[in-house]
Amino acid sequence: MKKRLSVLLSIVICLGLVAGCGTASSSSAAPAQASGASEVAESAPAAFTPGKTVEVIVPNSAGGGTDIFARKVIEIINQYDMVPGTTFEVINKGGASGTIGGAYVLSQKGNDDILIFCSTAFWTTPISGTATYSYTEFTPLVEMSTDVLVLAVGKNSGYSTIEEFIEAAKSGEGAVSIAGSSVTSEGGLLNVAFQDEIGCITKWVPYESGGDAVTAVMGGHVDATWTNYGEIQQQIETGDLVILAAATPERLEGLPDVPTMQELGYNVEIEQHRHIAGAPEMSEEAI
């Protein structure tokens, strides 16, 4: 599954590079124009100015990793006044593994003033056949970052080490419950890998967002969650959550005492890629 995700993400990145090359070629028109090649300058795209309001769609409910990430990006745009005169409005359209938000953006064909923040389920949900559209219908813009995932439990879970959790998981079908946003999310994919490697079947409990899953773990309703480290830093600092293991090749710099699944002998690893896309038929100037 990781290989499939990597291939899909590579395709999207390549598409983004193609769009970027188009923009780069127009910027190189200046020296050509100086030598009399005016037709090159005439083909350069016009300057683009967004409207007064740009809709920023988060296809998850508030509090999850995608929501936090989108709001941080917009905060930085506003802090440095990168787009004067434009308001970026973050709108949460969660539910149905992100397809509600995705379908809304697809309905805005040709709209240059709408963006959607994407995570793993943006690609995997259409592949699974549970979406009525393909990720190829959107306009790819940029890959912003990758996040690492960790297995976290509540402070009163009774688990203090990953070995204890694995032992419990192997004791019987559904002996431990793990929460996440959907089976096609990065947490859902990671849990499948966990089950395959450990030789167990967990009870998967889906929520509308990773934030809701974290809340359920802290409340003792679910044993654990595969989640972004950055999403739960505050809860780690307060002691409400405990990280048992990281799904990374090496130990995280900020968590030197937390073992990785790899060092325990389990091939359980995934990265969550975060992208921004636009509506279909977005203009070249806007891209």
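Before reading further, recall that the structure is shown in the block above.
Note that this is a predicted model, so its numbers are computed, not measured.

**What to know about the overall build of the chain**
For step 1, the next point in the chain: Each helix and strand counted, the chain has 10 helices and nine strands in total.
For step 2, the next point in the chain: Relative to all contacts within the chain whose residues are 6 or more apart in sequence, the contacts with residues 24 or more apart total 74%.
For step 3, the next point in the chain: Counting only carbon and sulfur atoms, one obtains 52% of the accessible surface of the chain, whose full area is about 13800 Å².

**Topic: helix α9 (residues 210-218)**
For step 1, the next point in the chain: All buried positions along α9 are accounted for by Gly-211, Ala-213, Val-214, Ala-216 and Val-217.
For step 2, the next point in the chain: Buried residues along α9 sit against β4 (139-154), β5 (177-180), β7 (224-228), α10 (233-238) and β8 (241-246).
For step 3, the next point in the chain: Among the residues trailing α9, Gly-220 stands out with phi positive, at a value near 80 degrees.

**Here's the deal with the environment of Gln-272**
For step 1, the next point in the chain: Positionally, Gln-272 belongs in strand β9 (residues 271-278).
For step 2, the next point in the chain: Setting aside its immediate chain neighbours within four residues, Gln-272 contacts Ser-119, Thr-120, Ser-145, Thr-146, Asp-147, Leu-149, Glu-186 and Asn-228.

**Re the pairing of β9**
For step 1, the next point in the chain: Taken across its eight residues, β9 has seven buried, putting it largely inside the fold.
For step 2, the next point in the chain: Where strand β3 (residues 114-118) and β9 come together, four bridges link them in antiparallel fashion. Bridge pairing links Cys-118 to His-275 in β9.
For step 3, the next point in the chain: Across eight bridges, β4 lies against β9 in antiparallel orientation. Across the sheet, the residue bridging to Asp-147 is Gln-272, located in β9.

**Structural notes on the pattern of salt bridges**
For step 1, the next point in the chain: Enumeration over the complete set of coordinates arrives at five salt bridges.
For step 2, the next point in the chain: With its nearest N and O atoms 3.6 Å apart, the salt bridge here joins Asp-240 to Lys-155. Placement of the pair is Asp-240 in the loop between α10 and β8 and Lys-155 in the loop between β4 and α7 (162-169), with a sequence separation of 85 residues.
For step 3, the next point in the chain: Judged by its relative accessible area of 27%, Asp-240 is partly exposed.
For step 4, the next point in the chain: Its relative accessible area of 51% is what places Lys-155 among the exposed residues.

**Some remarks on the side chain of Ser-177**
For step 1, the next point in the chain: Structurally, Ser-177 is set in strand β5.
For step 2, the next point in the chain: Here Ser-177 falls in the buried class, since its relative accessible area comes to 10%.

**Comments concerning the pairing of β4**
For step 1, the next point in the chain: Relative to β7, β4 is paired through five bridges, and the arrangement is antiparallel. Directly across from Leu-149, in β7, lies its bridge partner Asn-228.
For step 2, the next point in the chain: Of the strand pairs in this sheet, β4 and β8 are connected by five bridges, and their pairing is antiparallel. Paired with Leu-151 across the strands is Ala-245, a residue of β8.

**A look at the environment of Met-282**
For step 1, the next point in the chain: With respect to the helices and strands, Met-282 occurs in the segment after β9.
For step 2, the next point in the chain: Residue Met-282 is classed as buried on the basis of its relative accessible area, which comes to 7%.
For step 3, the next point in the chain: For the pair Met-282 and Asp-112, spaced 170 residues apart in sequence, the C-alpha to C-alpha distance is 5.5 Å.
For step 4, the next point in the chain: Once residues within four sequence positions are removed from consideration, Met-282 is found in contact with Asn-111, Asp-112, Ile-114, Thr-139, Leu-141 and Ile-287.

**Examining the packing of aromatic side chains**
For step 1, the next point in the chain: Here the structure, examined in full by the defined rule, presents eight aromatic pairs.
For step 2, the next point in the chain: Seen from their ring centres, Phe-69 and Phe-117 are 5.9 Å apart, and the 70 degrees between their planes marks the pair as edge-to-face. Separated by 48 residues along the polypeptide, Phe-69 in helix α4 (residues 65-79) and Phe-117 in strand β3 bring together distant segments of the chain.
For step 3, the next point in the chain: Overall, the relative accessible area of 1% leaves Phe-117 in the buried class.
For step 4, the next point in the chain: Three or more aromatic residues joined by ring pairs form one cluster here, namely Phe-122, Trp-123, Tyr-133, Tyr-135 and Phe-138.

**Quick notes on a nonpolar patch on the surface**
For step 1, the next point in the chain: A cluster of nonpolar side chains, namely Ile-76, Tyr-80 and Met-82, defines an oily patch on the protein surface of about 330 Å² accessible area.
For step 2, the next point in the chain: With respect to the secondary-structure elements, Tyr-80 resides in the loop between α4 and β2 (87-92).
For step 3, the next point in the chain: Note on Tyr-80: relative accessible area 56%, which makes it exposed.

The rules we used
- Residues numbered from 1 in each chain as written.
- Predicted model: local features only at pLDDT ≥ 70, side-chain atom pairs only at ≥ 80, totals over all residues.
- Heavy atoms only, no water.
- Helix = DSSP H or I, 4+ residues; strand = E, 2+ residues; numbered from the N terminus.
- Contact = heavy atoms within 4.5 Å.
- Areas by Shrake-Rupley, 256 points an atom, 1.4 Å probe, with all protein chains shown as cover.
- Buried < 20%, exposed > 50% of the residue type's maximum accessible area, 1.4 Å probe, protein only.
- Pairing = 2+ DSSP bridges.
- Salt bridge = Lys/Arg side-chain N within 4 Å of Asp/Glu carboxyl O.
- Phe/Tyr/Trp six-rings, centres within 6.5 Å; stacked < 30°, edge-to-face > 60°.
- Patch = residues over 30% accessible without salt bridge, like charges linked within 9 Å, V, L, I, M, F, W, Y side chains within 5 Å.

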